[in-house]
Amino acid sequence: MAEVSQVRVVILRMSHLTALDTTGALTLRDAIGKLEHRGITVLMSGLREDHLRTLAAVGALPGSGPGHLFDQTPDAIAVARELVSRPAESSH
């Protein structure tokens, strides 16, 4: 995954996703893991119940789960804005 400086939060907008199989869920798990390893908070919005089950089954939900999942994208954006308004934690 390419380095992008100063990114602190990523929102994955899932509402237009029509199909999600295990391979896709594992790919998302890898991407989310890489982002979180770099200290980037990952939020998801618009996740369908069947996709939620698929992602949960492979351990691909961001963060500690429910606090990172939102029904509506504007709610995720509000949390992202709150997160970026806080001082960045130092990695030193």
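In case you missed it, the structure is sitting above this.
Residues numbered from 1 in each chain as written. Predicted model: local features only at pLDDT ≥ 70, side-chain atom pairs only at ≥ 80, totals over all residues. Heavy atoms only, no water.

The subject of this paragraph is the sheet that holds strand β1 (residues 9–13). As summarised here, the arrangement of the three strands in space is β1-β2-β3, forming an open sheet in which the pairing is parallel. Edge positions in the open sheet fall to β1 and β3 (69–70), since each of these has one partner strand only. Alignment of strand β2 (residues 41–45) against β3, held across two bridges, turns out to be parallel. Counted as the bridge partner of Ser45 is Phe70 from β3. Here helix α3 (residues 73–85) sits on the sheet and contacts β1, β2 and β3; the angle it forms with β1, its principal contact strand, is near 175 degrees. (Pairing = 2+ DSSP bridges. Helix = DSSP H or I, 4+ residues; strand = E, 2+ residues; numbered from the N terminus. Contact = heavy atoms within 4.5 Å. Axes fitted to C-alpha atoms, helices over the stretch in contact; angles between N-to-C directions.)

To continue, consider the side chain of His68. Here His68 is to be found in the loop between α2 (49–57) and β3. Residues within four places of His68 in sequence aside, it is in contact with Thr41, Val42, Leu43, Met44, Pro62 and Gly63.

What follows deals with the pairing of β1. Direction of pairing for β1 relative to β2: parallel, over a ladder of five bridges. Across the sheet, residue Ile11 finds its bridge partner in β2, namely Leu43.

Moving on, we get to the environment of Thr54. Mapped onto the elements, Thr54 comes out in helix α2. With 46 residues separating them along the chain, Thr54 and Arg8 place their C-alpha atoms 26 Å apart. Excluding its chain neighbours within four sequence positions, the residues that come into contact with Thr54 are Leu20, Asp21 and Ala25.

A word on the side chain of His51. The topology assignment puts His51 in helix α2. Given a relative accessible area of 2%, His51 falls into the buried group. Non-local contacts of His51, meaning those with residues more than four positions away in its chain, are made with Leu17, Thr18, Ala19 and Leu20. (Buried < 20%, exposed > 50% of the residue type's maximum accessible area, 1.4 Å probe, protein only.)

Attention shifts here to the pairing of β2. Across the five residues of β2, four count as buried, placing the element largely inside the fold. For the segment spanning β1, helix α1 (residues 22–37) and β2, crossover handedness is right-handed. (Right-handed = clockwise from strand over helix to strand, strands pointing away.)

Turning to the nonpolar core, a few remarks are in order. In this structure, Leu12, Met14, Leu28, Ile32, Val42, Met44 and Leu55 are the most contacted members of the largest nonpolar core, which totals 13 residues. Elements represented by at least two residues in this core include exactly α1 and β2. Of the residues forming this core, the biggest block, four residues, is contributed by α1. Apart from residues lying up to four places away in sequence, Leu55 is in contact with Met14, Leu20, Ala25, Leu28, Met44, Leu47, Ala60 and Leu61. If you look at the next biggest cluster of nonpolar residues, it comprises six residues, including Val9, Leu43, Phe70 and Ala80. (Core = buried A, V, L, I, M, F, W, Y, C linked by side-chain atoms within 4.5 Å.)

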